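Results of the structural survey
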Amino acid sequence: MTDVDGEDFGRWAEPSFWLETCPWMTISDLPFQTAQRLDPAPGTNLERERQLTEGYLRFDDLFAADTVEPIRQAVETLDSLGLPTPFVYAFDEVWKLYASAESTLEALVGEDFLVGGDLWAWHLPPGPSSSGWGPHRDDQFANEGFNADGNPTHISLWVALSDADETNGCMYVLPKDQSEWHGGSVDGLTLQEASSVRALPASAGTLLSWTSDVLHWGGKSTSRAQRARTSICLYAQRNDYRRLTTDMVGLSSSVPFVHRLGIISRALIRYRRSALHPDLVASDGLLAFATEHEQRFQKWLAVMHAVANAGTDA
Ligand SMILES: O=C(O)CCC(=O)C(=O)O
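First, a word on scope: everything that follows refers to the structure included in this document.

1. Some points on the pairing of strand β8 (residues 229-237)
With respect to burial, β8 is a largely interior element, nine of its nine residues being buried. Residues Arg229, Ser231, Cys233, Tyr235 and Gln237 line one face of β8 and the alternating positions Thr230, Ile232, Leu234 and Ala236 line the opposite face, and both faces are buried. Both strand β2 (residues 114-124) and β8 contribute to a ladder of eight bridges, which runs antiparallel. Opposite tryptophan 120, over in β8, you have cysteine 233 as the bridge partner.

Put into structure tokens, the structure is as follows:
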């Protein structure tokens, strides 16, 4: 992602700016209500068992080309204009995509789940200077990744928007049953573990998921890459558990544009200093914009919380 210094950030707070950037996309308050729900991916219940042992899953071609292609084009367009790619979450189509997989995701993470939290969008142009994020586990919630019954409290959802393979930086995982736990550190991978690493080529429309104890990373692109690797990721978390991050939304909620700005801003702030992606350069202007919209979002959440509690007390 390139820097956006000198940008008039005031415009970014208007839906019209993003709609002019990607006129084929839409922005409304209630994206989930109009999302078409897909049937559960075949074998989802069996996969749930594998989620407990290996920790990662792949649902090939879960989303149709006419669902993912507009989103891919939006990420590519944002990147080509030097706009931060997570702003693709300003558009309804991304939220609808996750909602359309509701029945598959329910089987994996529990009914009435929430989505959001630490989201991102990647566009890796072909060639050896592009790289996915380095090896890590999504374990910032430390011991809160699993319930007492062993089922995950949250899983990561990664969707290929373009075909990803070993030439353009597909995902790699170390299955959890092949992993000696390194106490949260990714140092000291043994040869035995290295030989158990699996490449996860994924055609556009494929959903990958993993639990918080799975070591994973995005590969490097190569001079043999034919196309950019483009993808999006966020969390799904159980709703019968405390919200792990403040920016999780239920699939029956509204997600107004101003909240999306807050959610995107939180992600920009969270990942700004991350060693996972040295390409994120946030200008002072971008940081000020993100801070303002993140704070507005938090204030709104506090008000909603107070209103809900007042309702309970009455
Ligand atoms: O797409 C990538 O390169 C990295 C994705 C990832 O590591 C994550 O979403 O946690």
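2. So, the packing of helix α3 (residues 65-80) against helix α4 (residues 92-100)
Each pair of packed helices can be summarised by the angle the axes make with each other and by the distance between the axes. Running from N to C, α3 and α4 cross one another at 145 degrees; their axes reach a closest spacing of 10 Å. As for how α3 packs across α4, the hand of that crossing is left-handed. Listed contacts from α4 to Thr67, Val68 and Ile71 of α3 are Glu93, Val94 and Leu97. For the contact of α3 with α4, the class distribution of residues is four nonpolar, one polar and one charged.

3. Focus on the sheet that holds β8
Strand order in this open sheet of six strands is β1-β6-β3-β8-β2-β9, and the pairing throughout is antiparallel. One side of each edge strand has no neighbouring strand; the edge strands of this open sheet are β1 (56-59) and β9 (248-250). Between one strand axis and the next, the sheet turns through 25 degrees on average, direction left out of account. Where β2 meets β9, three bridges bridge the pair, whose relative direction is antiparallel. Considered in β9, the bridge of valine 115 is made with valine 249.

4. Section: the nonpolar core
Formed by 79 residues in total, the largest nonpolar core has its most connected members in Trp18, Val88, Tyr89, Trp95, Trp158 and Ile232. Ranked by the residues each element gives to this core, the list is headed by helix α7 (residues 257-272), at seven residues. Once you skip the residues sitting within four places of it in the chain, isoleucine 232 turns out to touch Val88, Tyr89, Val94, Leu97, Tyr98, Trp120, Ala121, Trp122, Leu157, Trp158, Val159 and Leu161. In this structure, Leu114, Phe141, Tyr235 and Met248 belong to the second largest nonpolar core, which totals five residues.

5. Looking at the site of the ligand
Neighbouring the ligand are the residues Trp122, Gly132, Trp133, His136, Asp138, Trp158, Met171, Trp210, His216, Gly218, Arg229 and Cys233. The side chain of histidine 136 places a nitrogen or oxygen atom 3.0 Å from an oxygen atom of the ligand. One nitrogen or oxygen atom from the side chain of arginine 229 is found 2.8 Å from an oxygen atom belonging to the ligand. In isolation the ligand exposes 290 Å². Once the protein is present, 96% of that is buried. Where the shell around the ligand is concerned, the elements lending two or more residues are β7 (215-218) and β8. Along the lines of polarity and charge, the residues of the shell around the ligand split into six nonpolar, four polar and two charged.

6. A look at the packing of helix α2 (residues 44-53) against helix α5 (residues 102-109)
Taken N-terminus to C-terminus, the directions of α2 and α5 make an angle of 35 degrees; their axes are 9 Å apart at the nearest point. Crossing hand, α2 versus α5: right-handed. Together, Thr44, Asn45, Arg48 and Gln51 of α2 and Thr104, Ala107 and Leu108 of α5 make up the contact between the two elements. When grouped by side-chain class, the residues that make up the contact of α2 with α5 number two nonpolar, four polar and one charged.

7. Digging into the side chain of threonine 206
Tracing the sequence through the fold places threonine 206 in the loop between β5 (198-200) and β6 (207-211). For threonine 206, a relative accessible area of 0% gives the class buried. A polar contact of 3.0 Å, which involves the side chain of threonine 206, links it to the backbone nitrogen of aspartate 61. Of the polar contacts made by the side chain of threonine 206, one reaches the backbone oxygen of serine 203; its length is 2.9 Å. Apart from residues no more than four positions distant in its own chain, threonine 206 is found in contact with Arg58, Phe59, Asp60, Asp61, Leu62, Trp158, Val159 and Ala160.

Rules used throughout
- Residues numbered from 1 in each chain as written.
- Predicted model: local features only at pLDDT ≥ 70, side-chain atom pairs only at ≥ 80, totals over all residues.
- Heavy atoms only, no water.
- Buried < 20%, exposed > 50% of the residue type's maximum accessible area, 1.4 Å probe, protein only.
- Helix = DSSP H or I, 4+ residues; strand = E, 2+ residues; numbered from the N terminus.
- Pairing = 2+ DSSP bridges.
- Axes fitted to C-alpha atoms, helices over the stretch in contact; angles between N-to-C directions.
- Left-handed = near helix turned anticlockwise from the far one by under 90°.
- Contact = heavy atoms within 4.5 Å.
- Nonpolar A, V, L, I, M, F, W, Y, C, P; charged D, E, K, R; others polar.
- Core = buried A, V, L, I, M, F, W, Y, C linked by side-chain atoms within 4.5 Å.
- Near = heavy atom within 4 Å.
- Polar contact = N/O pair within 3.5 Å; in protein donor to acceptor, adjacent residues only side chain to side chain.
- Areas by Shrake-Rupley, 256 points an atom, 1.4 Å probe, with all protein chains shown as cover.

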